[in-house]
Amino acid sequence: MVSVNRAVEPSIVFVRACGQYLWDADGNRYIDYHAAFSPHLLGHNDPCVNEAVRRTLESGASLYGSGTTELEGRLAEMICEHIPFVDSVQFLNTGSEATSQAIRLARAVTGRDHIIVIQGGYNGWHDDVACNLMTPLERLGPRVSPGEYPFVPISAGIPEERRKLVHVVNFNDLASVDYVCEKYPIAALITEPVLQNVGVIRPQAGYLEGLRELADKHGFVLILDEVKTGFRNGVGGYATAAGVRPDIAVYGKAIANGYPIAALGGRRELMDYFVHPDPERRVLLAGTYNAHPVPVAAAIATIERLTADGGAVYRRLEALSEQFESGLREALEEFGLRAAVARQASAFCVYFMDHEPVDWHDLAGHHDYALDEELRRELIQAGIYWFPVATKQISISAAHTAGDLAETLAAFRTCLERCLEKRRAEPLPEKAP
Ligand SMILES: Cc1ncc(COP(=O)(O)O)c(C=O)c1O
C-alpha cells in the first residue's frame, strides 16, 4: 500500500539511495531531483547526518516523554540564533502538525476563527488547509480581484462548517486579502513565501511586505509556511533573506535532511500561549514523538553542515543551480520553445509558457501540462528522476556534481526532442491540471 501522493506512474520500487542517486529493485540508477518532496538538501544518507544519528542511538538517548532534553534545547538555540524573528520554538514531527498548530495558536491569540489560504499553496493535509491546490479553473471561475474563490477540498471528509471559515485568494494579490479582511474576522493568513507545490511561483516585489502591513492593519497573524523554503534558501529561510517578519513561521523537510521533524517558531508573545498560565487560554501542543532524539540529532548535524565554513554548502548549491538554470535556458532556446525556467535557490521548475507564472490562474491557464508530463516520463526512462507529475519541484542537492548536471542536460535535450517528435507525429492530448 502506498501513500496516495506517491502512487504515480511509472510506479517504481526504490530500494536504495546515496547522495544524489536512487536505485530501483531492478538495479537501475537514477539521478534524483525529487529529493522525496525536497528534504534531502545534502543528498540522501548524508554521512555526517547519519553519523550523528548513529552516535545518538549508541549514546543511550531515548524518547523520555517527560521534561525537555539537552539536545532539544541545543537545536532550539541554533534555530533562534539564525532566524531573527524566532524568539522561541516548538518541535513537532511533520509540517502538517506544525501548520495545524500555528493556525490553532492564531485563533487562540486573536479570538477569531476565519483564516485566509492561498490558491495553489499547500500547507499540509489537515481540514483547514486541505484545499485549493491544483484546482481546475472551471471550479474557480475567472480571476477575481478583489474577491475570493470557492473552497475546493483536496480531500473528502472536511466538515461543511469548517469550510466556511477558510477563504481562498490568489498569490500576489494584496487587494483580495484586504477585501476578505473587511468582510470576516480573520485570525491568520497562511502562505508559503514562494509557492513551491505548483513549481516555483515567486512573490512579486512588495507582496510579502504588503502582507505584513495588512496583518498589522487588520490584526491577523501572519504565518509563513517555510516547510519547503526554510533551510533550502539558507539557514534563516526565505523570510530572513527577504527581510520579512512573519509572526509565526513553520519549518520541516530540509531542516533534518530527510529525518522527520518540524519546527514552529515566532514572536514570544504568541509562543507564550503554549505555556500560558491561564489554562483557559493555553494552547495545547502535544505529541508523543515530539523532539525525538534521532531527528533532533539529525537536525543539529544538518544545521552544522549548512553553517560550516561560512555557508560553503550554500555557495556550492548556488553555483550548481546557476549552472543548471543557464543550461536549461540554453536547451529550451535551441528548441525555440515558449518556456520559462523559474528558480528559487536550489528549487526549480520548467514552465512551458512564455513567462514565469504569478499565480495559479496564470499557471493553469497557460502551462503545457501534457508536454511537461511526457517529458518527465521520458526523463525517468533515461535515468533522471523528475517526479512524474507536471510542475512538481526539481531540487538540486549539495551531493549533485557538475557531471550529474551535464548528464541531465544532455538527457533533457534528447528527451525533449523525442517528445516534440512524438507530438509532431501525433499531437498530445489537451491536458488541464
Ligand atoms: C509548504 C508545505 N507545507 C506543509 C507541508 C506538509 O508537511 P508534511 O508532509 O511534513 O506534513 C508540505 C509538504 O509537502 C509543504 O510543502
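See the structure above.
To keep things clear, this report deals only with the structure shown in the data block. Counting starts from 1 at the beginning of each chain's written sequence and moves along it residue by residue. In view of the model being predicted, local features appear only for residues whose pLDDT reaches at least 70, and side-chain atom pairs are presented and counted only at 80 or more, with totals across whole chains, interfaces and linings using the full set of residues. Side-chain metrics in this entry use all non-hydrogen atoms of the structure; hydrogen atoms and water are not considered.

1. A word on the environment of Val152
Helix numbering and strand numbering both begin at the N terminus, where a helix is a DSSP run of H or I of at least 4 residues and a strand a DSSP run of E of at least 2. Note that Val152 resides in the loop between α4 (137-140) and α5 (160-163). Only protein chains enter the area calculation, which uses a 1.4 Å probe; residues under 20% of their type maximum are buried, those over 50% are exposed, and those in between are partly exposed. Val152 sits in the buried class, given a relative accessible area of 6%. Spatially, the C-alpha atoms of Val152 and Leu133 are 8.4 Å apart, while their sequence positions differ by 19 residues. What Val152 contacts, discounting residues up to four positions off in sequence, is Cys131, Asn132, Thr135, Arg139 and Leu140. Should any heavy atoms of two residues lie within 4.5 Å, those residues are counted as being in contact.

2. Focus on unusual backbone geometry
With an omega dihedral of 0 degrees, the bond running from Glu9 to Pro10 counts as a cis peptide bond. Among the secondary structure elements, Pro10 is positioned in the segment before β1 (14-18). Pro146 follows Ser145 through a cis peptide bond whose omega is 0 degrees. The phi dihedral of Ser38 is positive, around 95 degrees, even though this residue is not glycine. Tracing the sequence through the fold places Ser38 in the loop between β3 (29-32) and α1 (47-58). Residue class for Ser38 comes out buried when judged on its relative accessible area of 1%. For Thr391, which is not glycine, the phi dihedral falls at a positive 70 degrees.

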